[in-house]
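Coordinates in review
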Amino acid sequence: MCGIIGVLGSHQAAPIMVDALRRLEYRGYDSAGIATIHEGALDRRRAVGKLVNLSDLLVENPLAGRSGIGHTRWATHGAPNVANAHPHQSGSVAVVHNGIIENFRDLRKELGKNGVNFESDTDTETIAQLIARELKAGKAPVDAARDSIAQLEGAFALAILFDGEEDLLIAARRGSPLAVGHGDGEMYVGSDAIALAPLTDQITYLDEGDWCVLTRAGVEIFDVHNQPVTRITKQIKLDSARIEKAGHKHFMAKEIAEQPTVLANALAHYLNDDASIQLPDGLPDFSAVDRLIMVACGTAYYACQTAKYWFEQLAGLPVEIDVASEFRYREPPIGSSNVALFVSQSGETADTLAALRYCSGKASDILSVVNVPESSIARESSVALPIYAGVEVGVASTKAFTCQLAVLAILALRAAQQRGCLTDAEVAKHVDALRTVPGLVNLALGIEPSVERLANELAKARDILFLGRGAMFPLALEGALKLKEISYIHAEGYASGELKHGPIALVDEDVPVIVFAPTDPLFDKTVSNMQEVMARSGKVLLVTDATGAERAREGTWDTLVMPECDPVFAPIIYAIPAQMLAYYTALAKGTDVDQPRNLAKSVTVE
Ligand code: F6R
């Protein structure tokens, strides 16, 4: 939610910041803005909508200066208009912010009583006004910023610039991530290492509560008690080429196509040549675990729902799962023989992080499955398992989902082995099956022309239903989520057997029903549910393998034929049609696939 950038450079800052904001635009695109200092004076440009509007504005009305801050916004407080766009300025200070200042109403009231007039409806302007008040009281910029930050409650990553101070930038982090970048006589801050990738690979992540003073000579970091601290500077290897579309029309298309490669890469990190499993030290002995608690949001939650079948069926391990936003407030009892596992692509999702903190000190172990190894969730876990999907830019998660599934499957096999539910030989058989998944995903990508043709029809629908049974049920939910978030068509996922308990009333000839049904032990039952839909004029798209198509295609609207696969790992392979149907339907509708309306990639607010 919102991306921020700060630059103390030796070249013009505006183009550098616009370029960085382009890489941060996945965090929000309601408005964008930058402020710089030129010949001692602070100036800013702000534009509503996509970053391109800000670039156009800068062509007409350029902004000079080698020091600056920039922002791309996902609106929380106040409509997406110019007045609410960042940077917010009060007198000689400008601020960009990612997060929510929870006590902003009280602060605003208090400042209002002292005669401060607000220009915007945002919580962020309060920060600029607070600092301006401290400056007016005679404090130096660093003291004014420090004392103002101390008054803030809530979550924030901030970058602050001062009139007349071309070699000073103050940044702070509480709740929202912030990375400091070290250049050669230049310094940067950014919401993540991706923003800074072409500028530097030397990154220091601020810890919770840290704030820092940047000059071109370096950075001084202070902890929440204002004590100077040292934080590790790491070399972050981010291949900028992997942040480009590589010839694809959208990041989402590129990320769907990358799945055979990234899945093979993820598996290679956790599987040995002799079909044994190689996991990092520090994981619990699952034979002593009596419950696994899995928490996540959105697509990552559906990965947990799928993995629940694996942990229960393969490892006989009771699993409780919940969406993080509910889990954290229902105060579930957690025992010392429970393991808590958090799944997150970004590793920064606010609710998932809060749920993790709730479990810390209660569960025996805090595990995470993340794509960003330096993320807050990874750092606060006892063991973090990276999924090695590479940078995911498209707002709709694709390759991260399948890589999460691959890593969770391996963890379930380890648990099954330790709990005596599977012999080493049986585990090796499953490992061999898992190894075939990247190749099968590659074959599954071959359905693209059929999907494209079907999507032109699906794009005309107002509602679409997705059905699945067993581990295909979470995939039905994921298919519906993917479709609605990028095509804006209303879609629902249901367990096939649940349809007749109400939702079947929605079925008529105008509602396409997409059924995920590999030939597995539940196939005949799913097909019976599909027949119930067809008996009511439902327009069924059956997604199955050649055997399933042979047995059940009659009477369907159409069939997508998938490669034959081991039913245990079918959810990973059947994710491809779920993703592609959403992608091509969105293309047919002409929506903004990579940046769908109202959404942002990294949800760092509650
Ligand atoms: C949907 C999607 C979201 C995320 C969710 C959690 O395509 O991407 O539902 O899965 O916001 O994000 P992470 O995995 O970063 O915690």
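In the block above lies the structure referred to throughout.
As the structure is a prediction and not an experimental result, all values here were calculated from the model.

Let's shift gears to empty space enclosed by the protein. Within the structure shown, the criterion is met by two cavities of 30 Å³ or more. Lining of the largest cavity is provided by 14 residues; of these, Cys 2, Trp 74, Thr 76, Gly 99 and Asp 123 occupy positions nearest its centre. If one sorts the elements of the lining of the largest cavity by residue count, strand β6 (residues 93-101) sits on top with three residues. The residue inventory of the lining of the largest cavity, partitioned by class, reads four nonpolar, eight polar and two charged. Volume-wise, the second largest cavity comes out at about 30 Å³. Lining the second largest cavity, in full, are Arg 44, Arg 46, Ala 83, His 88, Gln 89, Glu 119, Ser 120 and Glu 125. Of all the secondary-structure elements, those providing two or more residues to the lining of the second largest cavity are β3 (41-48) and β5 (88-90).

A few words on the environment of Ala 315. In this fold, Ala 315 is placed in helix α9 (residues 298-315). C-alpha separation for the pair Ala 315 and His 182, spaced 133 residues apart in sequence, amounts to 47 Å. Apart from the residues lying within four places of it in its own chain, the contact partners of Ala 315 are Trp 310, Ala 412, Ala 415, Ala 416, Arg 419 and Cys 421.

A few words now on the packing of helix α4 (residues 124-136) against helix α5 (residues 141-149). Two elements in contact, α4 and α5, have axes whose closest approach is 8 Å; the angle formed by their N-to-C orientations is 135°. Classed by the angle they form, the pair α4 and α5 counts as oblique. When you trace α4 past α5, the crossing you get is right-handed. Along its contact with α4, which presents Leu 130, Ile 131, Glu 134 and Leu 135, the element α5 presents Pro 141, Ala 144, Ala 145, Asp 147 and Ser 148. Here the residues of the contact of α4 with α5 sort into six nonpolar, one polar and two charged.

Residues that lie three or four places apart on an α-helix share one face, since the helix turns once every 3.6 residues. Among the residues making up helix α3 (residues 104-113), those that are buried are Phe 104, Leu 107 and Leu 111. Down the axis of α3, the sector holding all buried residues measures 65°, keeping them to one side. Turned more than 90 degrees away from the buried face of α3, the exposed residues are Arg 105, Asp 106, Lys 109 and Lys 113. Residues of α3 that are buried sit in contact with β6 and α4.

To continue, consider the pattern of salt bridges. Within this structure, the stated rule accounts for 33 salt bridges. In this structure, a network of salt bridges that share partners links the residues Glu 134, Lys 139, Asp 143, Arg 146 and Asp 147.

Rules of the game
Residues numbered from 1 in each chain as written. Predicted model: local features only at pLDDT ≥ 70, side-chain atom pairs only at ≥ 80, totals over all residues. Heavy atoms only, no water. 1 Å grid on protein atoms, 1.4 Å probe; cavity = no way out; pocket = protein on both sides within 12 Å on 5 of 7 lines; lining within 4 Å. Points joined across faces, edges and corners; volume = space filled by probe spheres on them. Helix = DSSP H or I, 4+ residues; strand = E, 2+ residues; numbered from the N terminus. Nonpolar A, V, L, I, M, F, W, Y, C, P; charged D, E, K, R; others polar. Contact = heavy atoms within 4.5 Å. Axes fitted to C-alpha atoms, helices over the stretch in contact; angles between N-to-C directions. Parallel < 35°, antiparallel > 145°, perpendicular 65-115°, else oblique. Left-handed = near helix turned anticlockwise from the far one by under 90°. Buried < 20%, exposed > 50% of the residue type's maximum accessible area, 1.4 Å probe, protein only. Arc of directions from axis to C-beta. Salt bridge = Lys/Arg side-chain N within 4 Å of Asp/Glu carboxyl O.

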